[in-house]
Each structure stands twice: as C-alpha cells, then as structure tokens.
Amino acid sequence: MKTVLISGGGIAGSALAHWLRRRGFAPTVVERAPAPRTGGQTVDVRGAALTVVRRMGLLDEVTALRTRMRGMSVLDADGKELSRSTESTFSSGRLDSDDLELLREDLVGVLYEKARAEAEFVFGDAVAALDQDEHGVQVLFESGRRRGFDLVVGADGLHSAVRRLAFGPTEQYLQHLGMHLAVFGAGNFLGLDNWQVWLRDGSAGYGISPVRDNTELRITFGFESGPLDPGPRGTDAQRQLVADRMAGLSWETPRLLQALWAAPDFYADAMARISMPSWSAGRAVLLGDAGYCASPLSGQGTSLALVGAYVLADELGRADGDHPVAFARYEQRMRPFVELNQALATENPGGPASEASVERAKNAIALDD
C-alpha cells in the first residue's frame, strides 16, 4: 500500500485523506496546530464541490450547519443604511441557492471526523525538509523525526512549506491583490438577527455576520494596501497594524476594535493568488491554496480544495499509483476550473463577481462517477 504524507489538516488535507484511503492508499496528515483549527470566516461549498460532499456522505451534516441569513444591509461611514437585500448577501450570494455557507471551523470539524478513522493524523508538527529520490521521499519534521513516504502532498495553504521546499520561494508564485483582510470572532454585542451588515468608507471597511444561532459574530476587516510585513501572523504587531488602518471608520468601529484585541481567534493576511506553471515536482504535488489559491475575494477557495482533493485521489487511483501520470491528469482536469474560479477575485474590484460568472465557474468541471 503506497504511503502519502499530506501537509496540512484543513479542508483540503482532510478531504484528500478520506479519498486516498477509499482508493487504497495509506495517508498520514501532519498539522502544525495542536488540534483541528478553529476560528475563521464563513466559507462556501458550491457547484461541483457539493457533489464531492454528497459523495462523501456528508451533505446532510454540512447542510445542517449552514448559516441562515435573512439578508444584509450596506451602510455608509456613519452607519446609515444605504441599501438592503433579502435576496442575497455578499458572502454567500443568492439566499435561494443550493450552495451552502457555513463556518470554516465547522466544515473542518466534519471533514476531520470523517477522515480520522481512515488516516493517521499527527498534530503539533510540520514538514521541515524533503529529500526525494527514485524510491520515495525522506521527510524531516520540525520535531526532529524522520520518515519515508512514497508521495508528499502540500495542502498547507497560501504560505505552503511544501511549495517552498519543492518548488522554491513563495515570491515566485504569489500575486498580491492589493488588499488585506482580518477575521475574528466576538459575542453578538450588536444584537444582529441572521442579518449581515457591511460598511465601507474609502479604502477600508468591514462585514459583520451573526453565527451560532445569533450568539456570536464573525467580523471581517478589510483595507487596501500593497504588500506589508507586520511580522508573524496573529501577533500584537499585526493586530496593531489592522487597528491603525481601521481606526478612521465611524459607527461601531471602537467596539469592534475592542473585540479585535480580545479575540483569541484573530487571523490576518494579504489577499493573494498563487499562480504556478506546474503543481508537481517529482513525488511532491500541491493541492488547494498551496498550489492555486484564488483568495477569499473569489469565494471559491473551499470549493477548489474539495474538488481538487477528489480529482487528485481519483487520478492516483486510476493510475494505480503511477504518480507522474496521475499528477499530469490531475492538472489537466483541474487547471481550467482553477483559472475560471481565480478570475472571480478580480472581476469586480471592491465587490463580488457577477452571479453569471460564479455560476459558470463553480460548475466548470466534470466529476466522473
């Protein structure tokens, strides 16, 4: 049984572990965090990704976790309502769609519970070095342990260690999109009832969504900027940088900034795309954001991860583990789908892509039975 190391225990990594086991491989997932990661924004499962979730037997469970938004308001700088909609929201699109919006941590939890009995999970460690030859890959972990695998998959996000080790520095492949986002949770001190609120003033703004039966908020700050280097993600220096950029906004901004400093799940990063001429190098291959991040601005990162996991495992199974053949077919099937979905991020600067573009992109791949 061929062994596969998956770096990253998020959506892409857990989904891939399930599908690889179904196709006769022995997957091991290594995740830097001490447990499945919590926090994060809401994510969308759309189009072909819904088919993947259904084939995993998880559609009912994921559907039960979906958000229940009634609509949204768009506010001016002082909090005065400029417009409202009961038909769609910026985060999820049309409310009458079959697409599913849910918290990222909830989807990660569902996928982990599905995969944990099918794969080995190693938490609190990460890949430090790779040494490939014709027989396999020797992996050095940050803990100092060494293990050999037949294949290595980088499902470790925008700042992928596997990509850096197997393909070179991130800067070769990253396209900055001129914006930074910060996401964190708080209690529902605004009393929102399944109703999103969006405010923008100049180059900065935020969106607020109630979650968990209106007991909590997920707050997303955004501001326009070129590349920044505030230090490691999640540090006080990064919080201060975000707070400084948002301080000029009015309405409930002071209370939101208090929540930012108190939030244990604060996360911030640049909005960027990853564009690569190839997603494989020898016995290493990339999946999801590590290979083709579309950025949260596309609304399709989760769907790309789920579909990519299905297609990669499918091709490895069809090729009976012949990885050069499988990796080539994986790219051939996925690249047109990836390119359409990546384009959503820049179709409408400052706003969501058109419904027509989203509909076309989310279904632009065939998943063979």
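Shown above is the structure to which this text applies.
Residues numbered from 1 in each chain as written. Predicted model: local features only at pLDDT ≥ 70, side-chain atom pairs only at ≥ 80, totals over all residues. Heavy atoms only, no water.

## Notes on the sheet that holds strand β16 (residues 204–211)
- On the basis of which strands lie adjacent, the open sheet formed by seven strands has the order β5-β4-β15-β16-β17-β14-β18 and mixed pairing. Sheet topology places β5 (81–85) and β18 (267–274) at the edges, where each strand pairs with a single neighbour. The sheet shows a mean angle of 20 degrees between the axes of neighbouring strands, direction not considered.
- Helix α6 (residues 236–246) contacts β14 (174–187), β16, β17 (216–224) and β18 of the sheet and is inclined by roughly 75 degrees relative to β17. (Pairing = 2+ DSSP bridges. Helix = DSSP H or I, 4+ residues; strand = E, 2+ residues; numbered from the N terminus. Axes fitted to C-alpha atoms, helices over the stretch in contact; angles between N-to-C directions. Contact = heavy atoms within 4.5 Å.)

## A look at empty space enclosed by the protein
- On inspection of all chains with the given rule, the structure shows one cavity of 30 Å³ or more.
- If you add up the space inside the largest cavity, you get close to 30 Å³.
- If you trace the largest cavity, you find it lined by Leu5, Thr28, Val30, Val122, Phe141, Arg145 and Arg147.
- Tallied by class, the residues present in the lining of the largest cavity amount to four nonpolar, one polar and two charged. (1 Å grid on protein atoms, 1.4 Å probe; cavity = no way out; pocket = protein on both sides within 12 Å on 5 of 7 lines; lining within 4 Å. Points joined across faces, edges and corners; volume = space filled by probe spheres on them. Nonpolar A, V, L, I, M, F, W, Y, C, P; charged D, E, K, R; others polar.)

## Structural notes on the packing of helix α1 (residues 11–22) against helix α4 (residues 104–115)
- Interhelical geometry of α1 versus α4 gives an angle of 25 degrees and a closest axis separation of 9 Å. In terms of orientation, α1 and α4 fall into the roughly parallel class. The hand of the α1/α4 crossing is left-handed. The residues of α4 that touch α1, namely those facing Ile11, Ser14, Ala17 and His18, are Arg104, Leu107, Val108, Leu111, Tyr112, Lys114 and Ala115. (Parallel < 35°, antiparallel > 145°, perpendicular 65-115°, else oblique. Left-handed = near helix turned anticlockwise from the far one by under 90°.)

## Structural notes on the sheet that holds strand β9 (residues 120–123)
- Read from one edge to the other, the open sheet built from six strands follows the order β9-β2-β1-β13-β20-β19, with strand pairing classed as mixed. The sheet terminates laterally at β9 and β19 (280–281), the two strands that pair on one side only.

## Some remarks on the pairing of β17
- Sheet topology note: the β14/β17 ladder contains nine bridges and is antiparallel. If you follow Ala186 over to β17, its bridge partner there is Leu217.
- Both β16 and β17 contribute to a ladder of eight bridges, which runs antiparallel. When the bridges of β17 are listed, Ser209 appears paired with Arg218.
- The turn joining β16 and β17, which pair antiparallel and follow one another in sequence, is formed by four residues; a positive phi near 55 degrees is taken by Arg212.

## Describing the environment of Leu82
- Here Leu82 is to be found in strand β5.
- By relative accessible area, which is 58% here, Leu82 ends up exposed.
- Remark: the alpha-carbon pair of Leu82 and Lys2, spanning 80 residues in sequence, is separated by 58 Å.
- Leu82 has contacts with Val74, Leu75 and Asp76, leaving out every residue within four places of it along the chain. (Buried < 20%, exposed > 50% of the residue type's maximum accessible area, 1.4 Å probe, protein only.)

## Topic: the packing of aromatic side chains
- Within this structure, the stated rule accounts for nine aromatic pairs.
- A ring pair is formed by Tyr112 and Phe121, whose centres lie 4.9 Å apart and whose planes are at 90 degrees; its orientation type is edge-to-face. Of the two residues examined, Tyr112 and Phe121, each falls in the buried class.
- Aromatic side chains Trp279 and Tyr292 sit 4.5 Å apart centroid to centroid with 45 degrees between the ring planes, which places their arrangement in the tilted category. Taken together, the residues Trp279 in the loop between β18 and β19 and Tyr292 in helix α8 (residues 289–292) connect sequence positions 13 residues apart. The exposure classification of Trp279 matches that of Tyr292, with both residues buried.
- Cluster of aromatic residues (ring-pair linked, three or more members): Tyr112, Phe121 and Phe123.
- One Lys or Arg, Arg145, reaches over the ring of Phe141 and ends 5.2 Å from the middle of that ring. (Phe/Tyr/Trp six-rings, centres within 6.5 Å; stacked < 30°, edge-to-face > 60°. Lys NZ or Arg CZ within 6 Å of the ring centre and 35° of its normal.)

## Regarding the pattern of salt bridges
- Summed over the entire model, instances satisfying the criterion amount to 24 salt bridges.
- Its salt-bridge partner being Lys362, residue Asp99 comes within 2.8 Å of it at the nearest N-O pair. Taken as a pair, Asp99 in the loop between β7 (93–94) and β8 (100–103) and Lys362 in helix α11 (residues 355–362) lie far apart in primary sequence, 263 residues in all.
- A residue is classified by how much of its surface remains accessible, and Asp99, at 10% relative accessible area, is buried.
- Here Asp106 ties to Arg212 by a salt bridge, and the two come within 3.0 Å at their closest N and O atoms. Taken together, the residues span a long stretch of sequence, with Asp106 in helix α4 and Arg212 in the loop between β16 and β17 at a distance of 106 residues.
- Residue Arg212 is classed as partly exposed on the basis of its relative accessible area, which comes to 31%.
- Each member of the salt-bridge network shares a partner with another, and the members are Arg23, Asp314, Glu315, Arg318 and Arg333. (Salt bridge = Lys/Arg side-chain N within 4 Å of Asp/Glu carboxyl O.)

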